[in-house]
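Survey of secondary and tertiary structure
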Amino acid sequence: MTSARLAGALLAALAWALCGPRVWALEPLLSFDDAADQNCRHDAALYRSQLQNFTLWAVKMYDASAKAPVGILAGATFQLGHFDECLQVGSEEAPTPVVALPAPLRAQYCVARIRLEPEQATYPGFHRLDRPHAFSLQYDPRDSAWEKLMVPLDPSKKPRNSFHWATCIPASCSPADLKVALDAALQPLRQRHEVQLSVDVDEKLCTVAQRMPLSTADIAVLTVILLVFGIVVAATFFDMAIYRQRPSGDERPLTRGQEILMAFSACTNLEKLNKPDPTDDLGILHGLRLFSMVFIILGHRCLFSYGGPFFNPEFLEERYRKIEDMFLLNGTLLVDTFFVLSGFLTCFGILLEIHKRKTLNVPMLYLYRWMRLTPVYMMVVAFYATLFSKVDSGPLWKARVGLEQERCVQNWWTNLLYVNNYVNADQLCMFQSWYIACDMHYFLLAPLIVIPLYKSPKLGLALLAGVTSLSIVIPFAVTYVGEYSGVLRVYMSLLEDPPSNEDYYAVYIKSHNRAAPYFIGMAAAYLYGILKLSDIKIPKGVMWGCSLAATVVGLTSMFGAWVFYIPGREYFAGENAAYASLHRVGWALTVAWVVLGGCTTRFGVLQPLLQLNAFLPLSRLTYCAFLTHGAVQLYTLATLRQPEFMSFPKLFWMASGDITISFIVALFVHLFFEAPLGAIQKMLLRKKRANRPRNENAPAAVHMADAPPPPPVASTPPPPEISSPPAPRDTTPEIPETLTNSKAVSEV
C-alpha cells in the first residue's frame, strides 16, 4: 500500500477502531475491562450489552460519540459529537407519565486528544526539514497525505496530526480509564499500520450532568448582587415616588442616609449618564474612546473564535499572509489609543487641580484613584472566581471558564494590588486585566511628572522627555536581548490561551514595555494647555500637512507588522527591536495629533461624527464594557457545540452581538456598582455639597471626580469647582477661566 493510500486508510481505520466495524452492528471496540474502578467496568459492560439490544439510552450514548473524522486535512481538528445528547442519559426527569425510571447509569462526555505520527519505516520523510511546502499553503496533490499531516515549521499553520475526539462513556469511568481504553483500542492500528498514536484525556474536557453546589464564596457574591439590586430598586422608588414628588415649598435637605440611598437611584444615574457636556472642548474624546472600544471587542472576538474550535482554519492561514489584514492582526495597537487618552486626561486634570489649589494631595489622589477603579473591577473578578462557572456548560466549558475561575481564585489578590501583569502573569485572571495594572502604574508616576511640569516647566519637560525616551529604549532592549518578535504575532497557538504564551506574559503585558503612549498623551495635554492659553488655532495648511503625516505614520505603524508575518523570513534582532520600540510611538503620535487637532482647531467632517451626542452614554460605559466583554465572548466559546465556520461577514456579525450584549451588561454593572460607589466615594472624600433644587429632575453637573474611569482611560482627580481660579504665581502663565471651568474633562 502506498503512503498516500495508507494515510487515507488510516483515518478510516481510526473511525473503525473507535466506533465499531459496522454502523448498525453497534459494537464499539472501547473496552473498559482494564479500568481501575469496578463501577466503571460494570457500567461499561452494561452499556455494551444494552447497545446490542438497541436500548434507547445506550444508543444515545453511541450516537453522541464522534464517528468518522471530517476535515482533518483542512485543519478541522475538533470532532465534538453531540454534547447535550450524551448528558441526557441518566439525567432524565422521572417519574413522569412517560418515564418511570431514568437510565440505569449516568453518561459522561469527554474529549480526548489523539496525536498521530508514522513510524520511521512507514514514512521516512515525516520529520524532514527540507519541505517544499514548509512556508507555503500549496501542496502537490500527488504527494502523500502525510505531507499535510506533518508538524508544521510555519507557526501560522495549524497542526493536523493532533486532533480532538469526543466520546460518550459511563460517568463512573475516569479520564484515566478512558485513556487506557483508547490506548487499547488503538493498539491494533499501531501494529497493523506502523504508526504512533498517543492519547491524552484532560479532566477539564470531561463533563457530567450534575448540579453544581454553591460554595460559601458563591453565596457571598450572590448575596451582594441581590442586596445591591434590592437597594437600587428601593432607591429608585424613593427618588421617583417620594423625593421628586415633594411639595413645592419643601426645601429640606437630604439627610446623609438619604444621600447615600439616592446614590443608588437608577433614574438619577441614568440621567447623569446621558447628561451632555457643558462644553465640547474635549468632546472628540468620547468618539475616540467608543470606536476604540468597539474595535477592541472585534479584535477579542477574533481571539476567541480563532483560538477555539473552528471549521476552516485554512481561512486564517491565508489571512496571516495578507497585508490588508494587519488592521486585525496588529489590532493590539488600539489599546495604545487608550493609553494616550488616559495620559492626556490625567495630566490635564492634575494641572487644573494644582492651578486651583496651588498644591496637590498626592496620597489622597492615589487613594481616590484606587477607590474609584477597584470596587467594580473586583466585583467582576469575584464573578469570574465564583458564579461564572455555574452559568452554563459545554464541551469546552471547564477547560475555558473553569480554567479562568481557577486563575481568579488563586490570583485575585494580584488584581487587587494591580500587580497581575508581573506576579503570576502566566496565570492571569481576566486576560484583559493587564491593561488596568499598567494604567495604574503610570498613574502613580503621573503626579511626580506633572507637579514639576507646572511649577518648573523646564524641569518638568526634561523629566517628561527623559521618561518618554526611557520608555522607548526599554522595549528595544527587551526585544533585542530576548530575541522576541517585534510584534505580538497572534497565531492560533497563542490565541488558544494567551496568558500561557511567553511573548504575551513576558513582553506584551509588562508596564515597562507599554509606557511610551501614556507619556506621549501627557505631553499632548501640556501642549493642549499652551494652545488653549494662547487661543491658538492651527492654520488650515498645517492641519492638512500634519494630518497627512499622522496618517502615514499611523498606517505605517499598523501595517508595518506584515513583514514579521512573512513565513520563513529570517529573524533580524535589530529590526524587530526597532519596530517593537517605535511602532507604538508612531501610533501614539497619530492619536495625539487627532486629539490636539480635534480639541483646538477641529477636523471638519470628522469632528461631528466623533462628537455625536448619542456616543456620550456609550462612551461613559466603556470602562464597564471593557471589564465585562471578555466574559460575554468567553461564554460563547465555552458553550460552542460544533466548530464555527468563520468568514469576515460572520466575524463582524458575531462582533456586533458581542458589542450589543457587552454594553447592555455594562449598563447594569454601571447602575449597580460603578455609579453608586462613585457617588458615595465623592461624599466621603469631598465636602458635602448643597442639596439639588426641588424641581430639578436632572442631577447636578458631573465633575471630574464623577467621571467613570474609561477603559481604559484613567480616572482623573477631583476637579476645581466652577469659579474664577486664584491668580497663579508670576512664573506661571495664567489659565483662562474658560479653560479651568471646562467640565468636559470630567465628563470624558
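Computed from a predicted structure; not experimentally measured.

1. Description of the overall build of the protein chain
Within the protein chain, the regular secondary structure consists of 29 helices and four strands. Relative to its 748 residues, the protein chain shows a buried fraction of 55%. Sequence-distant contacts, at least 24 apart, represent 80% of the contacts inside the protein chain between residues at least 6 apart. Here the protein chain displays about 31700 Å² of accessible surface, and carbon together with sulfur accounts for 64% of that area.

2. Some details on the state of the cysteines
Tallied over the entire structure, the rule returns four disulfides. The partner cysteine of C408 in its disulfide is C429, sulfur to sulfur 2.0 Å. Taking the sign of the torsion about the S-S bond as the criterion, the disulfide between C408 and C429, at about 90°, is right-handed. One end of the pair, C408, is in helix α15 (residues 397-416); the other, C429, is in the loop between α15 and α16 (434-455), with 21 residues separating them in the sequence. The class for C408 is buried, based on a relative accessible area of 0%. Owing to a relative accessible area of 1%, C429 belongs among the buried residues under this scheme. Taken N- to C-terminal, the disulfide-bonded cysteines of the protein chain are connected 1-5, 2-4, 3-6, 7-8.

3. Topic: the environment of M293
The residue M293 is located in helix α10 (residues 284-306) in this model. The class of M293 is buried, set by a relative accessible area of 0%. C-alpha of M293 to C-alpha of L618: the two residues are 325 residues apart in sequence and 10.0 Å apart in space.

4. Topic: the nonpolar core
Counting 170 residues, the largest nonpolar core has L285, Y306, F344, W434, I436, M522 and L627 as the members making the most contacts within it. No other element matches helix α13 (residues 333-357), which puts 15 residues into this core. Setting aside anything within four residues of it in sequence, one finds W434 in contact with V335, F339, N420, N421, L428, Y504, Y508, I509 and R514. Formed by 31 residues, the second largest nonpolar core is a distinct cluster that contains F32, I72, L149 and C206.

Rules of the game
Residues numbered from 1 in each chain as written. Predicted model: local features only at pLDDT ≥ 70, side-chain atom pairs only at ≥ 80, totals over all residues. Heavy atoms only, no water. Helix = DSSP H or I, 4+ residues; strand = E, 2+ residues; numbered from the N terminus. Buried < 20%, exposed > 50% of the residue type's maximum accessible area, 1.4 Å probe, protein only. Contact = heavy atoms within 4.5 Å. Areas by Shrake-Rupley, 256 points an atom, 1.4 Å probe, with all protein chains shown as cover. Disulfide = S-S within 2.5 Å. Core = buried A, V, L, I, M, F, W, Y, C linked by side-chain atoms within 4.5 Å.

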